[in-house]
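Residues per chain are reported as follows:
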Amino acid sequence: MMSSMSLSRMLRAASVCRTMSTATKLTAVEVNDKTGIATVTLSRPPINALNVELLHDLYQSIKEIENNKSRGLILTSSNDKVFSAGLDINEMYRPDKDRARLLWTKLQDVWLALYGCALPTAAAINGHAPAGGCLLATSCEYRVILPQCRIGLNEIQLGLVPPIFCMFNFLNVLPRRVAERALVQGRIFTTEQALQIGLVDDVASSKEKALEKCSQFIATFAQTNPLARSLTKLKFRGADLQRFESERTNELESFLEFIDHPQMQEDLGIYLEGLKKKNRN
Ligand SMILES: CCCCC/C=C\C/C=C\CCC/C=C/C(=O)SCCNC(=O)CCNC(=O)[C@H](O)C(C)(C)COP(=O)(O)OP(=O)(O)OC[C@H]1O[C@@H](n2cnc3c(N)ncnc32)[C@H](O)[C@@H]1OP(=O)(O)O
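These figures come from a predicted structure and were not determined experimentally.

Here is what the cut-offs are and how they apply
- Residues numbered from 1 in each chain as written.
- Predicted model: local features only at pLDDT ≥ 70, side-chain atom pairs only at ≥ 80, totals over all residues.
- Buried ≥ 20, exposed ≤ 12 C-beta atoms within 10 Å, placed from the backbone.
- Helix = DSSP H or I, 4+ residues; strand = E, 2+ residues; numbered from the N terminus.
- Pairing = 2+ DSSP bridges.
- Axes fitted to C-alpha atoms, helices over the stretch in contact; angles between N-to-C directions.
- Parallel < 35°, antiparallel > 145°, perpendicular 65-115°, else oblique.
- Contact = placed C-beta atoms within 7 Å.
- Nonpolar A, V, L, I, M, F, W, Y, C, P; charged D, E, K, R; others polar.
- Expected span 1.5 Å × (residues − 1).
- Core = buried A, V, L, I, M, F, W, Y, C linked by C-beta atoms within 7 Å.
- Near = placed C-beta within 6 Å.
- pLDDT = per-residue confidence, 0-100.
- Left-handed = near helix turned anticlockwise from the far one by under 90°.

*Asks:* Could you clarify how one ought to interpret the pairing of strand S7 (residues 142–145) in this entry?
*Replies:* Strand residues, when the strand is regular, have side chains that alternate between the two faces of the sheet. With burial as the criterion, each face of S7 is covered, one bearing Tyr142 and Val144 and the other bearing Arg143 and Ile145. Note that strand S5 (residues 121–125) and S7 share 4 bridges and pair parallel. Bridge pairing in S7 links Ile125 to Ile145.

Structure follows, in structure tokens:
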């Protein structure tokens, strides 16, 4: 039975949080009325694999929060073991070509929206964040991870040249030499390693504490003029955003070519089967 203590805590929390009216199905958006901070929770069980619909909802949520002039945006996951498993490999294996095009276009849209977001952004990484999961986290300005997680961009291990936004994200977060080595080696880092190299800013013992640290980060801008802040952020990120725009069509075509290759289809099939077998054994 629920104790009266936890019930009153829940009621208190409910009184300061509201769910956005247009909250979508695969992302839940909650705005804290006291702090003005919006939390976007990725909610596509079991592992928040990024399919067309989740990417669509995430994009909508980011834009909605930005337009509603929230004080900041925190990205987290409803799963307590996985932040996001990255792109849904089922969308790339024996794909419907139009859908595969849409998938990559939506991933690009999400990157643009999150990396270029006018608001302060933070990721409470409450589980593993490989590949596209790492991409989302490193698009934010601040990251807190939980113990015993894994995070990194490992695409080169599968013969894929990292898309340009991977490079921008890593260069924005890590020293150039460390970023280059991490990408060319396709490294996946443990929590301790990620903290040590600066891929994450902090470690928290629970999701609640990670969210608290993210809120504290966003609160550091309380006295800062929001427009001056966002324009300054844009000065740092603007060149990346522009270069991305000039290469986005090429990158889309490269991705489609990449997944269309028979050898890549065979590799993806084996990779997917390997992930599934793990659960059968
Ligand atoms: C694969 C080729 C491309 C690789 C590209 C790599 C990097 C890309 C870099 C930059 C971003 C730009 C482009 C982005 C591309 C991508 O994101 S590709 C996706 C790469 N992701 C992965 O390789 C992650 C693979 N998954 C895992 O490592 C683990 O599942 C886990 C996320 C650590 C979670 O582990 P666990 O909690 O133990 O859960 P299970 O492994 O049991 O998984 C549950 C079920 O989910 C299925 N599944 C896992 N990941 C994916 C996925 N990405 N897509 C589709 N399905 C996935 C898994 O098979 C289980 O299914 P069943 O329940 O057994 O049916």
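Here the narrative resumes, following the displayed structure.
*Asks:* Before we go on, may I ask you to explain the packing of helix H5 (residues 164–173) against helix H9 (residues 226–260) in this structure?
*Replies:* The axes of two packed helices give the description: the angle between them and the distance between them. One way to put it is that H5 packs onto H9 with a least axis distance of 9 Å and a crossing angle of 155°. Here H5 lies roughly antiparallel to H9, going by the angle between them. Between H5, through Ile164, Phe165 and Phe168, and H9, the contact on the second element is made entirely by Asp240, Arg243, Phe244, Glu247 and Glu251. Each residue belonging to the contact of H5 with H9 can be placed in one class, and the counts come to 4 nonpolar, no polar and 4 charged.

*Asks:* Explain helix H2 (residues 52–67) to me, please; I cannot follow it from the model alone.
*Replies:* Given 3.6 residues per turn, any residue in an α-helix points the same way as the ones three and four places further on. Taking 1.5 Å of rise per residue, 16 residues should cover 22 Å, and H2 covers 23 Å from first to last C-alpha, within 8% of that figure. Those residues of H2 that sit buried are Leu54, Leu55, Asp57, Leu58, Tyr59, Ser61, Ile62 and Ile65. Where H2 terminates, the next one or two residues include Lys69, which has phi positive at roughly 55°.

*Asks:* Looking at this model, I keep getting lost on H5. Mind explaining?
*Replies:* Three or more residues of H5 are buried, namely Phe165, Cys166, Phe168, Asn169, Phe170 and Val173. Where H5 is buried, its residues meet helix H3 (97–115), helix H4 (132–139), helix H6 (176–185) and H9.

*Asks:* How do you make sense of the nonpolar core when you look at a structure like this?
*Replies:* Nonpolar side chains in soluble globular proteins generally cluster together in the buried interior. By size, the foremost hydrophobic cluster in this structure holds 71 residues, and its most contacted members are Leu73, Ala122, Ala124, Ile125, Ala137, Ile151 and Cys214. At 7 residues, the largest contribution of residues to this core is made by H3. Not counting the four nearest positions on each side in its chain, Ile125 is found in contact with Phe83, Ala137, Arg143, Val144, Ile145, Leu146, Cys149, Ile151 and Val200.

*Asks:* Sorry if this is basic, but what is going on with the site of the ligand here?
*Replies:* Taken together, 29 residues form the shell around the ligand, and within it Gly86, Ala131, Gly132, Glu155 and Leu275 come nearest. Contributing elements (two or more residues each) for the shell around the ligand: H4 and helix H10 (262–280). Looking at the shell around the ligand, the element that brings in the most residues is H10, giving 6 residues. For the shell around the ligand, the per-class residue count stands at 18 nonpolar, 6 polar and 5 charged.

*Asks:* When you look at the sheet that holds strand S9 (residues 188–190) in this model, what are you seeing that I'm missing?
*Replies:* The strands that make up a sheet are held in pairs by hydrogen bonds between backbone atoms, and each pair lies either parallel or antiparallel. The strand order across the open sheet built from 3 strands is S6-S8-S9, with neighbouring strands paired in mixed fashion. For this open sheet the edge positions go to strand S6 (129–130) and S9, each flanked by a neighbour on one side alone. Bridge count between strand S8 (residues 150–152) and S9: 3 bridges; the pairing is antiparallel. Looking across to S9, one finds that Gly152 is bridged to Ile188.

*Asks:* Can you help me understand the confidence of the model for the protein in this one?
*Replies:* Detailed reading of the predicted coordinates is not advisable wherever pLDDT is low. With 91% of its residues at a pLDDT of at least 70, the protein reaches an overall mean of 91. Within the model, the stretch residues 1–15 combines pLDDT values under 50 with 1 contact to residues more than four positions away or in other chains. For this predicted complex, the interface score ipTM comes out at 0.92, alongside a pTM of 0.92.

*Asks:* Any chance you could explain unusual backbone geometry here in plain terms?
*Replies:* Following Pro45, the chain continues into Pro46 via a peptide bond in cis, with omega recorded as 5°. For Pro46, the position within the fold is in the loop between strand S3 (37–42) and H2. Positive phi outside glycine occurs at Lys69, with the angle close to 55°. Among the secondary structure elements, Lys69 is positioned in the loop between H2 and strand S4 (72–77). In this structure Lys69 comes out as exposed when scored by C-beta crowding, with 10 C-beta atoms within 10 Å.

*Asks:* It is not clear to me how the packing of H5 against H6 should be interpreted in this structure. Could you clarify?
*Replies:* The geometry of H5 relative to H6 is characterised by a closest axis approach of 8 Å and an angle of 140° between their N-to-C directions. In terms of their interaxial angle, H5 and H6 are classed as oblique. Two packed elements cross with a definite hand, and for H5 against H6 that hand is right-handed. Contacts between H5 and H6 pair Cys166, Met167, Phe170 and Leu171 from the former with Arg176, Ala179, Ala182 and Leu183 from the latter. Of the residues in the contact of H5 with H6, the class split is 7 nonpolar, no polar and 1 charged.

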